[in-house]
Amino acid sequence: MSDEEHHFESKADAGASKTYPQQAGTIRKNGYIVIKARPCKVVEVSTSKTGKHGHAKCHFVGIDIFNGKKLEDIVPSSHNCDVPHVTRTDYQLIDISEDGFVSLLTENGNTKDDLKLPTDDNLLSQIKDGFADGKDLVVTVMCSMGEEQICALKDIGPK
């Protein structure tokens with residue numbers, strides 16, 4: 001055996017699942033849930049009591065966190081639902097290319113060039129206008145179930 005040290009670049013999701021199970025009865029409004037294989041933010045939860053031997057059912061209404069579509073699901077409250085791991089990361093905006101991709105600066109000084117501009121028109125115009133004005137912009141990227149999208153923008157002053 002040698003005495004030299006081994007260095008591994010660690011990633012937080014080392015083969016980890018994109019979701020984790022949670023009992024349906026414990027999921028609340030403003031939480032997250034997977035409906036029809038899409039990560040959603042819960043906007044409404046209602047619980048119905050059923051007959052003598054039936055299960056109480058939870059009716060979830062969620063908005064897809066990436067495309068804004070409204071999805072619904074009904075699950076027995078004692079059963080498990082999939083809850084997506086949702087992470088938010090801030091990156092500094094370096095450049096916007098003509099084909100709609102952004103170049104972002106990560107915390108460790110590398111660049112991230114695989115993200116497209118958001119589809120939300122309001123956010124899109126704020127990013128383009130702020131970048132054209134030469135402002136220092138920080139974008140918040142939401143990541144869940146293998147998808148990433150710019151979801152917010154912060155202005156940290158002029159360059």
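Above this text you will find the structure in question.
Overview of the structure. Bear in mind that the values here come from a model prediction, so they are computed numbers and not experimental data.

### Details of the overall build of the chain
Helix and strand content of the chain: one helix and eleven strands. Out of the 159 residues in the chain, the part that is buried amounts to 30%. A separation threshold of at least 6 residues defines the contact pool for the chain, and within that pool the share at least 24 residues apart is 48%. Total accessible area on the chain is roughly 10,500 Å²; 49% of this is exposed by carbon and sulfur atoms.

### Structural notes on the sheet that holds strand E2 (residues 32-35)
Taken in spatial order, the four strands of this open sheet run E2-E3-E4-E5, and their pairing is antiparallel. Looking at strand neighbours, the two that pair on one side only are E2 and strand E5 (70-76), the edges of this open sheet. The mean angle between the axes of side-by-side strands here comes to 45°, regardless of whether they run parallel or antiparallel. Note: E2 against strand E3 (residues 38-48), four bridges, orientation antiparallel. Across the sheet, Tyr32 pairs through a bridge with Lys41, a residue of E3.

Criteria and thresholds
Residues numbered from 1 in each chain as written. Predicted model: local features only at pLDDT ≥ 70, side-chain atom pairs only at ≥ 80, totals over all residues. Heavy atoms only, no water. Helix = DSSP H or I, 4+ residues; strand = E, 2+ residues; numbered from the N terminus. Buried < 20%, exposed > 50% of the residue type's maximum accessible area, 1.4 Å probe, protein only. Contact = heavy atoms within 4.5 Å. Areas by Shrake-Rupley, 256 points an atom, 1.4 Å probe, with all protein chains shown as cover. Pairing = 2+ DSSP bridges. Axes fitted to C-alpha atoms, helices over the stretch in contact; angles between N-to-C directions.

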